[in-house]
Amino acid sequence: MTTLLIADDHPLFREALRGVVARLLPQAVLREADSTDALYALVEADPDADLLLLDLNMPGAQGFSVLVHLRAQHPQLPVVVVSAREEAGVMRRALDHGAMGFIPKSADAKTLAEALRHVLDGDRWAPAAAYAAPAASDAEHDVAARVRELTPQQFRVLQMLGAGMLNKQIGYELNVSEATVKAHMSAILRKLGASNRTQAVLIAGRLAIDPAESKASVEP
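Attention here is on the structure that accompanies the text. Bear in mind the structure is a predicted one, so any value in this text is a computation, not a measurement.

Let's talk about the packing of helix α9 (residues 167-174) against helix α10 (residues 178-192)
For step 1, the next point in the chain: Across the interface, α9 lies against α10 with an axial gap of 8 Å and an inter-helix angle of 105°. In terms of orientation, α9 lies roughly perpendicular with respect to α10. In contact with Asn167, Lys168, Ile170 and Gly171 of α9, α10 contributes Glu178, Val181, Lys182 and Met185.
For step 2, the next point in the chain: The residue makeup of the contact of α9 with α10, split by class, is three nonpolar, two polar and three charged.

Section: the sheet that holds strand β2 (residues 29-33)
For step 1, the next point in the chain: Pairing is parallel across the open sheet formed by five strands, whose spatial order is β2-β1-β3-β4-β5. Among the strands making up the open sheet, the edge pair consists of β2 and β5 (101-104). Pairwise comparison of adjacent strand axes, ignoring direction, gives a mean angle of 20° for this sheet.
For step 2, the next point in the chain: In terms of strand pairing, strand β1 (residues 3-7) meets β2 through five bridges, oriented parallel. In the strand pairing of β2, Thr3 is matched with Val29.
For step 3, the next point in the chain: Lying on the sheet, helix α4 (residues 88-96) is in contact with β4 (79-83) and β5; it crosses β5 at an angle near 150°.

A short note on the side chain of His184
For step 1, the next point in the chain: Summarising the element assignment, His184 is placed in helix α10.
For step 2, the next point in the chain: Those residues within four positions of His184 in sequence are excluded, and the remaining contacts are Gln153, Gln154 and Val157.

Description of the pattern of salt bridges
Side chains carrying opposite charge are able to pair once their charged atoms draw close together.
For step 1, the next point in the chain: The full count for this structure, using the stated rule, is 10 salt bridges.
For step 2, the next point in the chain: A salt bridge links Asp46 to Arg31, with the nearest nitrogen and oxygen atoms 2.5 Å apart. Placement of Asp46 in the loop between α2 (36-45) and β3 (51-55) and of Arg31 in strand β2 is noted, with a sequence separation of 15 residues between them.
For step 3, the next point in the chain: For Arg31, a relative accessible area of 36% corresponds to the partly exposed category.
For step 4, the next point in the chain: Among the charged side chains, a network of salt bridges with common partners joins Asp8, Asp55 and Lys105.

The rules behind these values
Residues numbered from 1 in each chain as written. Predicted model: local features only at pLDDT ≥ 70, side-chain atom pairs only at ≥ 80, totals over all residues. Heavy atoms only, no water. Axes fitted to C-alpha atoms, helices over the stretch in contact; angles between N-to-C directions. Helix = DSSP H or I, 4+ residues; strand = E, 2+ residues; numbered from the N terminus. Parallel < 35°, antiparallel > 145°, perpendicular 65-115°, else oblique. Contact = heavy atoms within 4.5 Å. Nonpolar A, V, L, I, M, F, W, Y, C, P; charged D, E, K, R; others polar. Pairing = 2+ DSSP bridges. Salt bridge = Lys/Arg side-chain N within 4 Å of Asp/Glu carboxyl O. Buried < 20%, exposed > 50% of the residue type's maximum accessible area, 1.4 Å probe, protein only.

Put into structure tokens, the structure is as follows:
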């Protein structure tokens with residue numbers, strides 16, 4: 001039995017996906033997440049799922065970082081990015097960071113079904129423009145390699161750091177002590193090759209959909 005995971009915070013789009021999947025794979029099991037925390041729990045609970053449909057713009061996703069992290073932690077799980085960001089460069093970067101496919105949210109039901117069929121058969125699928133766009137830079141691939149070294153808990157701390165949270169707030173959210181958060185922070189800095197929190201956020205920000213905007217949000 002085919003199991004599909006859907007990670008998207010828009011109920012109407014999840015409903016549309018359910019409709020397409022129901023027609024294409026009537027016996028498929030669908031499980032859904034509307035946040036990154038729910039997504040992590042979903043993947044941990046069902047690591048042998050056949051496919052994950054991931055919205056790049058889901059709250060907390062922070063660009064391509066979640067895609068990179070999931071591909072590192074669960075390399076057996078095929079991921080297809082589904083996004084309203086349809087620039088050729090964005091689609092190409094998603095493929096370069098390990099996505100099996102990229103489905104624009106503007107795609108009609110027929111195209112969506114075609115894409116799912118291709119990926120479930122083991123093939124990649126994306127609009128032609130994605131393959132014609134420039135590949136992700138070596139610098140971006142280097143950052144992705146560093147992010148892949150983070151443990152799940154370290155990655156969550158990095159995400160919270162990127163959201164501007166202080167150690168005390170991070171500890172509260174993760175139900176750990178500030179000392180534990182500091183230990184995670186030290187490991188993050190070492191693995192990213194950063195000397196401080198701001199630099200760590202800037203390095204991780206290179207995986208943002210719009211890296212320039214990410215940099216501007218950190219710098220004074």
